[in-house]
Protein chains: 2
Amino acid sequence: MTAPTRSRLAPDERRSQLLDLGVRLLATRSLDELSIDLLAEEAGISRGLLYHYFGNKHAFHEAVVRRAADDLIAQTAPPADGDPIERLQVSLAAYVDYVLANFEGYVSLLKGAAGGNEALRAIYEEVRGVLSERIFLEDPDGELIADTPRNRLVVRGWSAMIEELVITWGTDQRAGRTDVTKDELLEVIVSSLPALIGDAAG
Amino acid sequence: MTAPTRSRLAPDERRSQLLDLGVRLLATRSLDELSIDLLAEEAGISRGLLYHYFGNKHAFHEAVVRRAADDLIAQTAPPADGDPIERLQVSLAAYVDYVLANFEGYVSLLKGAAGGNEALRAIYEEVRGVLSERIFLEDPDGELIADTPRNRLVVRGWSAMIEELVITWGTDQRAGRTDVTKDELLEVIVSSLPALIGDAAG
C-alpha cells in the first residue's frame, strides 16, 4: 500500500532478468531440473530473494514458461513482406530453430501440459492458439487457406504433426539415430500445409 | 507349485472376461474413474477376488489398457484385398470409429502416456509402432509410400495429426461446437497421407 517510487522499476527489471536466465537454463533442462536453488546459484543471489520474487517453485516455473512462450511467439513472427506461403515458411523455420535450441525445456513443457498441469496446459494451449490463429490472420484473403471450420480443424491437426516432427527429429538427432537432414525436416514441414490444404480443401 | 488341473483355465477365462468388462467401462470413463470398486460392483464379485486377479490398481489399469490396445490393433486390421490406399482407408475408418466409441478411456490413456506413466507410455508407443509399421508392411512395393527414413518420419508426424484430428473433433462434437461432419473428418484423415506423401516424398 506504499506509493510508487523511482526505485519501483528496479525489482521488475531484476525479476525480468531472472526470468530470462530461467529460460536460458530451461533450454537444456527439464522443468523438474530447474530449481530455485539452481537459479539462485546461477544468478548469484539468495534463495530467499527468489522466493520473494516468485513465491514458490510452481509459480516460478509458470513465470519462466510464460516468458519462454512470449519469446517463442515473438521469434516466430512472420515477416511483414512476401506472399502467405513465403511468410509461413520463414515463421516455420523460426519455430523449428526455437524448439531445437530450447529442446529440453520444450519437451518437458509438452509433458507437463499433456500430463495434467493446468497452468502449463493453459500456456501451451494459448501459444498453440496464437500460432494457429496466425495462419488465418496472416492470410486474410485466404490465398493459402480459407477460414472455414474444416480448415481450422486441419490446421489444428497439422500443428500437432509439426510438433511431433520436430520433437521426433530432435530426439533422434540427439541420439545419433536419424538419416534425415535438418533441411529435409524443414522441407517436409514447410510443404505439409500447402499439401494438406491443396488436397483436403478440395 | 501345484500341478495343472482341468479347472486351470477357468481363472484365465474369468480374468479375460473381467478385462473385457474393464475395457467396456473405460470407453466412457477416464482411467482415474475406473476403480477396482467399480469393476467389482459391475462384475458382481468381491474386491478381494479382483485384487487376487490383478494385484493392485496400477496393474489392473495396465492390464485393461493392454487389452484395449489389442482390441484397437485387431479392429483396425486392413482388409486382405484392395490396393494399399483402399486398405488404408478401411483401416483409418476403423481407427476413427474405435477412438470415438472409446473416447474417455482413449483420452485418459493419452494423458497418462504423455504425463509420465511409463507403463501406459510403453503400451501407447507399442500401438503407435504397430499402426505405423503397418503402413509400410501393407505396402511392400511402396505403391503408396516408399520405406525411407524421411517417409518414416512423415508417417510419425502424420500419426500425431490423425490422433489430434479425432480427439479435437470428438471433443468439439461432444460439446456441440463443431460444424464439421464425421464424413468430412474422415475425408480429411483419409486424404492426408497421400497428400503429404505426394508432395513431401517428391
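Only a predicted model underlies this, so the values are computations on that prediction, with no experimental measurement involved. (Residues numbered from 1 in each chain as written. Chains lettered and ligands numbered in written order. Predicted model: local features only at pLDDT ≥ 70, side-chain atom pairs only at ≥ 80, totals over all residues. Heavy atoms only, no water.)

(A) Representation of the overall build of chain A in the model. Check the secondary structure of chain A and you find nine helices and zero strands. Counting only C-alpha atoms, chain A reaches 60 × 45 × 30 Å along its principal axes. For chain A, the residues scored as buried account for 47% of the 202 residues in total. When the accessible surface of chain A is split by element, carbon and sulfur atoms take 51% of a total near 10100 Å². Here chain A carries 21 positive and 33 negative side-chain charges, and the mean point of each set is 8 Å from the other. (Helix = DSSP H or I, 4+ residues; strand = E, 2+ residues; numbered from the N terminus. Buried < 20%, exposed > 50% of the residue type's maximum accessible area, 1.4 Å probe, protein only. Areas by Shrake-Rupley, 256 points an atom, 1.4 Å probe, with all protein chains shown as cover. Lys, Arg positive; Asp, Glu negative; His and termini not counted. Charge placed at Lys NZ, Arg CZ, Asp CG, Glu CD.)

(B) Region of interest: the interface of chain B and chain A. Listed as interface residues are 30 residues of chain B and, on the opposing side, 30 residues of chain A. Summing the contributions of chain B and of chain A, the shared interface buries around 2600 Å²; its carbon and sulfur component is 71%. Counting across the chain B and chain A interface gives six salt bridges. Between R128(B) and E164(A) there is a salt bridge, with the nearest N and O atoms lying 3.6 Å from each other. For the side of chain B that touches chain A, the secondary structure elements donating two or more residues are helix 6 (103–114), helix 8 (149–174) and helix 9 (182–200) of chain B. When residues of the side of chain B that touches chain A are assigned to their parent elements, the largest contribution, 13 residues, is made by helix 8 of chain B. Of the residues contributing to the side of chain B that touches chain A, the split by class is 15 nonpolar, six polar and nine charged. (Contact = heavy atoms within 4.5 Å. Buried area = accessible area lost by both parts, 1.4 Å probe. Salt bridge = Lys/Arg side-chain N within 4 Å of Asp/Glu carboxyl O. Nonpolar A, V, L, I, M, F, W, Y, C, P; charged D, E, K, R; others polar.)

(C) Representation of the nonpolar core in the model. In terms of nonpolar packing, the biggest core is built from 124 residues, with F54(A), W158(A), F54(B) and W158(B) touching the most fellow members. In this view, W158(B) contacts M161(A), L88(B), L92(B), I135(B), I189(B), S192(B), L193(B) and L196(B); residues no more than four positions away in its chain are not counted. (Core = buried A, V, L, I, M, F, W, Y, C linked by side-chain atoms within 4.5 Å.)

(D) Quick look at the packing of helix 2 (residues 36–43) of chain A against helix 3 (residues 47–54) of chain A. Residues and elements named next belong to chain A. Where helix 2 contacts helix 3, the two axes come as close as 9 Å, and the packing angle between them is 115°. In terms of axis orientation, helix 2 runs roughly perpendicular to helix 3. In terms of crossing hand, the pair formed by helix 2 and helix 3 is right-handed. Side by side, helix 2 and helix 3 meet where I36, D37, L39 and A40 of the first sit next to R47, L50, Y51 and F54 of the second. Here the residues of the contact of helix 2 with helix 3 are counted per class, giving six nonpolar, no polar and two charged. (Axes fitted to C-alpha atoms, helices over the stretch in contact; angles between N-to-C directions. Parallel < 35°, antiparallel > 145°, perpendicular 65-115°, else oblique. Left-handed = near helix turned anticlockwise from the far one by under 90°.)

(E) Highlighting the relation of the copies chain B and chain A. Superposing chain B onto chain A requires a rotation of 180° together with a translation of 0.0 Å along the rotation axis, leaving an RMSD of 0.0 Å. Look at the turn and shift together and you get a two-fold axis relating the two. Taking the C-alpha atom as reference, chain B places G115(B) closest to the rotation axis, 1.7 Å from it. Interface overlap between copies: 100% of the residues of chain B at the interface are likewise at the interface in chain A, consistent with a symmetric, same-surface contact. (Least-squares fit on C-alpha atoms with pLDDT ≥ 70 in both.)

(F) Main features of the pattern of salt bridges. Counted according to the given criterion, the structure contains 26 salt bridges over all chains. Across the salt bridge formed by R156(A) and E125(A), the nearest N and O atoms sit 3.6 Å from each other. Remark: E125(A) occurs in helix 7 (residues 118–137) and R156(A) occurs in helix 8 (residues 149–174); sequence separation between them is 31 residues. Look at R156(A) and you get partly exposed, because its relative accessible area is 26%. For E125(A), a relative accessible area of 23% puts it in the partly exposed group. Note that E126(B) is salt-bridged to R66(B), the shortest N-O span being 3.1 Å. Here R66(B) lies in helix 4 (residues 57–75) and E126(B) lies in helix 7 (residues 118–137), a separation of 60 residues in the sequence. Where salt bridges share partners, they join R121(A), E125(A), R128(A), R156(A) and E164(B) into one cluster.

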